[in-house]
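Residues per chain, in single letters:
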Amino acid sequence: MTKQPAILNYKQTGTGEHLVLIHGLFGSLENLNMVAKSLSNSYCVTSVDVRNHGNSFHASSMEYPELAQDIINLLDHLNIDTCLLLGHSMGGKIAIQVAIDQPQRIRKLLIADIAPVSYPPHHLEIIKGLQAIDLSKVMKRKDADDQLAPFVDNLGVRQFLLRNLALNSQGEFSFKCSLSNISLCYPQIMKANELAANQAAYNGPTLFIKGGQSDYILPEHRAAIAKLLPNSKAKIIQGAGHWLHAEKTLAFNKIVVDFINS
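What you are looking at is a predicted structure, and each value in this text was computed from that prediction instead of being measured.

Participant: Would you take a moment to explain the pattern of salt bridges for this structure?
Facilitator: Side chains that differ in charge, positive against negative, can pair when their charged atoms come close. Tallying each qualifying case throughout the model produces ten salt bridges. For Asp145, the salt bridge identified is with Arg158, shortest N-O distance 2.7 Å. Of this pair, Asp145 sits in helix α5 (residues 141-148) while Arg158 sits in helix α6 (residues 155-161), placing them 13 residues apart in sequence. Asp145 sits in the buried class, given a relative accessible area of 11%.

Participant: When you look at helix α2 (residues 64-77) in this model, what are you seeing that I'm missing?
Facilitator: End to end, α2 covers 20 Å across 14 residues, agreeing with the expected 20 Å (1.5 Å per residue, within 8%). Elements that come into contact with the buried residues of α2 comprise β1 (10-13), β2 (18-22), β3 (44-48), β4 (83-88), α3 (90-101) and α7 (179-189). Positive phi shows up at Asn79, right after α2, with a value of about 55°.

Participant: What am I meant to see in the nonpolar core here?
Facilitator: By size, the foremost hydrophobic cluster in this structure holds 61 residues, and its most contacted members are Phe26, Ile94, Leu109 and Leu130. Contacts of Ile94, omitting those with residues within four sequence positions, involve Ile22, Val50, Tyr64, Leu67, Ala68 and Ile71. Counting residues in hydrophobic clusters, the runner-up holds 22 residues, among them Leu21, Val35, Val256 and Phe259.

Participant: Quick question: what am I supposed to make of the sheet that holds strand β5 (residues 106-112) here?
Facilitator: The strands making up a sheet associate through hydrogen bonds between their backbones, and the pairing can be parallel or antiparallel. Judged by pairing direction, the sheet is mixed, and its seven strands sit side by side in the order β1-β3-β2-β4-β5-β8-β9 without closing on themselves. The open sheet has two edge strands with one neighbour each: β1 and β9 (232-237). Sheet twist, expressed as the mean angle between neighbouring strand axes with direction ignored, is 20°. Summarising the sheet, β5 and strand β8 (residues 206-211) pair through four bridges and their orientation is parallel. Residue pairing across strands places Ala112 opposite Ile209, the latter belonging to β8. Packed onto the sheet, α2 meets β1, β2, β3 and β4 and runs at close to 140° relative to β3.

Participant: Is there a simple way to think about the side chain of Ser40 in this case?
Facilitator: With respect to the helices and strands, Ser40 occurs in the loop between α1 (33-39) and β3. One polar contact links the side chain of Ser40 to the main-chain carbonyl oxygen of Lys37, over a distance of 3.0 Å.

Participant: How do you make sense of the pairing of β9 when you look at a structure like this?
Facilitator: Looking at chain direction, β8 and β9 are connected through six bridges and run parallel. Following the sheet pairing, Leu207 is matched in β9 by Lys233. For the segment spanning β8, helix α8 (residues 222-228) and β9, crossover handedness is right-handed.

Participant: Mind showing me how you'd approach the packing of helix α4 (residues 124-132) against α7 here?
Facilitator: When two helices pack together, you describe them by how their axes are tilted relative to each other and by the distance separating the axes. Interhelical geometry of α4 versus α7 gives an angle of 155° and a closest axis separation of 11 Å. If you check the angle between α4 and α7, you find them roughly antiparallel. Pair α4 / α7 crosses with left-handed handedness. Contacts between α4 and α7 involve Leu124, Ile127, Leu130 and Gln131 from the first element and Leu179, Ser183 and Tyr186 from the second. Of the residues that constitute the contact of α4 with α7, the class distribution is five nonpolar, two polar and no charged.

Participant: In this structure, what is going on with the packing of aromatic side chains? I would like to understand it.
Facilitator: Each aromatic ring pair is summarised here by two numbers: the centre-to-centre distance and the angle between the ring planes. In this structure the tally under the stated criterion is two aromatic pairs. Judged by centre distance (5.6 Å) and plane angle (40°), the ring pair of Tyr119 and Tyr216 falls under tilted. In this pair, Tyr119 sits in the loop between β5 and α4 while Tyr216 sits in the loop between β8 and α8, placing the two residues 97 residues apart along the sequence. An identical accessibility class is assigned to Tyr119 and Tyr216; each is buried. Judged by centre distance (4.5 Å) and plane angle (50°), the rings of Phe160 and Trp243 are tilted. Of this pair, Phe160 sits in helix α6 while Trp243 is found in the loop between β9 and α9 (244-247), placing the two residues 83 residues apart along the sequence. Its guanidinium or amino end placed over the ring of Phe259, Lys108 lies 5.0 Å from that ring's centre, counting from NZ or CZ.

What counts and how
- Residues numbered from 1 in each chain as written.
- Predicted model: local features only at pLDDT ≥ 70, side-chain atom pairs only at ≥ 80, totals over all residues.
- Heavy atoms only, no water.
- Salt bridge = Lys/Arg side-chain N within 4 Å of Asp/Glu carboxyl O.
- Helix = DSSP H or I, 4+ residues; strand = E, 2+ residues; numbered from the N terminus.
- Buried < 20%, exposed > 50% of the residue type's maximum accessible area, 1.4 Å probe, protein only.
- Expected span 1.5 Å × (residues − 1).
- Contact = heavy atoms within 4.5 Å.
- Core = buried A, V, L, I, M, F, W, Y, C linked by side-chain atoms within 4.5 Å.
- Pairing = 2+ DSSP bridges.
- Axes fitted to C-alpha atoms, helices over the stretch in contact; angles between N-to-C directions.
- Polar contact = N/O pair within 3.5 Å; in protein donor to acceptor, adjacent residues only side chain to side chain.
- Right-handed = clockwise from strand over helix to strand, strands pointing away.
- Parallel < 35°, antiparallel > 145°, perpendicular 65-115°, else oblique.
- Left-handed = near helix turned anticlockwise from the far one by under 90°.
- Nonpolar A, V, L, I, M, F, W, Y, C, P; charged D, E, K, R; others polar.
- Phe/Tyr/Trp six-rings, centres within 6.5 Å; stacked < 30°, edge-to-face > 60°.
- Lys NZ or Arg CZ within 6 Å of the ring centre and 35° of its normal.

This is how it looks when you write it as C-alpha cells:
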C-alpha cells in the first residue's frame, strides 16, 4: 500500500477559476489575505502554508523540487487540474518550480518580487535573532519584540516575523514555524531554480511584479528569467518595496487581475 503524501495546510475561499497563492520565507497563508480577500470575489482562491510554516507539516529538507511537489500534491488532493499560480518571494521560486515541473497545469504564472536566481544569505541575523528569543520570558508579544530588536532594527519586519508566535492552551507562546528546519534548510532556500536534464522552460504567460524600491529583481537577472520563463514580462509598482502586495494592495491586485484577463 502506497503511503499518502502529507498535505499542506490551506484555506479556500470564493468560486470560479482556481488561483493558488504561495507566501514567502517566515510567512504564512495569512500574508496574502489582502490579495485573497479581493480576488475571491471572482476566483476560487487557495492560500497555502509552505512546509515548516504556519500550520503545515515540518520536514528537514526544503529543496525547490520538494516544495513544488507539496503544491502538486495539494492540487491532486483538491482535484485541481489547472490553475493560476501566484507566489511572493520564496513562494515565487516555488511557483516557478511547479510551472517547470507540471507546465500543463499552470495557465498563467505570477511572480511577486523574486527572480529564479541564487541570493546571498541576507536573513542570517533574522534567524539568529528568532532563535535567541527566550520564550520562557515572553508573557506578551512586546517581550519578544524587545528581545528581537537588537538583531532586527526594522519594526515592520519584527512585527511580520512575530506573527509566527502563537499562544498554546496553557497560555504559553511558541513558534508555529519550525525555526530549526528553516535554519537547517536556509542554504537550499537561497538556491536558484534550475532545469533538470529532462526539463524544458515554462512557456506559459508569466508576469513578474517588482517593487520599485526593492533590489530582488535586477537587470542582471534577465538571462536567468528568459532561460526558464521565455514568455514573461514585468510590471513595476513605484513606491513599493519587497512587501509590495501589502504596501500597495490596490495596485498589486489590479495588476494581477489585468494580467489574468489579458
